[in-house]
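Residue-level structure breakdown
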Amino acid sequence: MKHPLCVFMMAGAMLASAPLAHATIITYQTDLDGASEAPPNASPATGFASVITDDVAKTMAVHVTFSGLLGTTTAAHIHCCTADPGTVGVATTVPNFFGFPLGVTSGVYDVLLDMTLASSYNPAFITAHGGTTAGAEAALFAGMSLGEAYVNIHTTFRSGGEIRGFLTQVPEPASLALLSLGLAGLGFNRRKRA
């Protein structure tokens, strides 16, 4: 095997194993808009959501900002676990996150959910995933990691949701650094041979 290819394969293997060894805290983010709704709508509203899961502490931090809604808020939660919006159910508390600002067109929301508590979920989501919070947590965290979960804000303008966005994982800094190191080594090796 040629040396540059070996360096590249080793970097890839280290990158693939790094998140498994140290990934207890995972960050997901999304932009929220009307075009991402099903069906899409022309709302000028925008928003941003960040969800941070910790599978050791069994917590999920949720941060949402939004503005410019055409209607006032009636509910907000995370739907999971399919990319098909026609069959996805509400995973977190219904009708909305505890303490989410209702009756407004803009706002900021922060909460830290204890994922061992049934009150952090939609009861139907727990039932659908083995009847335990552990099963619900595993399904929700897996759905988010697969890009099959979204944050949805419902309003008086669109009862089915005015703005939403699918959560995507933010690469952890250690993985990015490891990838950069591997690529730098590959580049250095190529320059050395030239």
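Residues numbered from 1 in each chain as written. Predicted model: local features only at pLDDT ≥ 70, side-chain atom pairs only at ≥ 80, totals over all residues. Heavy atoms only, no water.

As annotated in an unreviewed UniProt entry, the protein is PEP-CTERM protein sorting domain protein from Accumulibacter regalis.

Within the secondary structure, L113 sits in strand 6 (residues 107–114). Residue L113 is classed as buried on the basis of its relative accessible area of 10%. For the pair formed by L113 and F97, sequence separation is 16 residues and the distance between their alpha carbons is 9.5 Å. What L113 contacts, discounting residues up to four positions off in sequence, is K58, T59, M60, V62, F97 and S120. (Helix = DSSP H or I, 4+ residues; strand = E, 2+ residues; numbered from the N terminus. Buried < 20%, exposed > 50% of the residue type's maximum accessible area, 1.4 Å probe, protein only. Contact = heavy atoms within 4.5 Å.)

Cis geometry marks the peptide bond from C80 to C81, where omega comes out at 20°. Tracing the backbone shows C81 in the loop between strand 4 (73–80) and strand 5 (89–90). Backbone torsion omega between V94 and P95 reads 0°, so that peptide bond is classified as cis. Positive phi, normally seen in glycine, also occurs at K58, with a value near 60°. Summarising the element assignment, K58 is placed in the loop between strand 2 (46–54) and strand 3 (59–67). Classification of K58 by relative accessible area gives partly exposed; the value is 31%.

Quick look at the pairing of strand 1 (residues 25–33) now. Side-chain alternation along strand 1 places I26, Y28, T30 and L32 on a buried face and I25, T27, Q29, D31 and D33 on a face that remains uncovered. Two strands pair when backbone bridges link them, and strand 1 and strand 2 are joined in this way by nine bridges, in the antiparallel orientation. Residue pairing in the sheet places I26 in a bridge with T53 of strand 2. (Pairing = 2+ DSSP bridges.)

Between side chains of opposite charge, pairing is possible as soon as their charged atoms come close. Inspection of the entire model under this criterion finds one salt bridge. The salt bridge partner of E137 is K58, with a shortest N-O separation of 3.7 Å. Of this pair, E137 sits in helix 3 (residues 133–145) while K58 sits in the loop between strand 2 and strand 3; the two residues are 79 residues apart in sequence, bridging distant segments of the chain. (Salt bridge = Lys/Arg side-chain N within 4 Å of Asp/Glu carboxyl O.)

Looking now at the packing of aromatic side chains. Each pair of aromatic rings is reported with the distance of its centres and the angle of its planes. One pass over the structure, following the stated rule, counts four aromatic pairs. Members of the aromatic cluster, connected to one another through ring pairs, are F66, F97, F100 and Y109. Above the plane of the ring of F157 lies R158, whose end atom (NZ or CZ) is 4.6 Å from the centre. Sitting over the ring of Y150, R164 keeps its end group 4.2 Å from the ring centre. (Phe/Tyr/Trp six-rings, centres within 6.5 Å; stacked < 30°, edge-to-face > 60°. Lys NZ or Arg CZ within 6 Å of the ring centre and 35° of its normal.)

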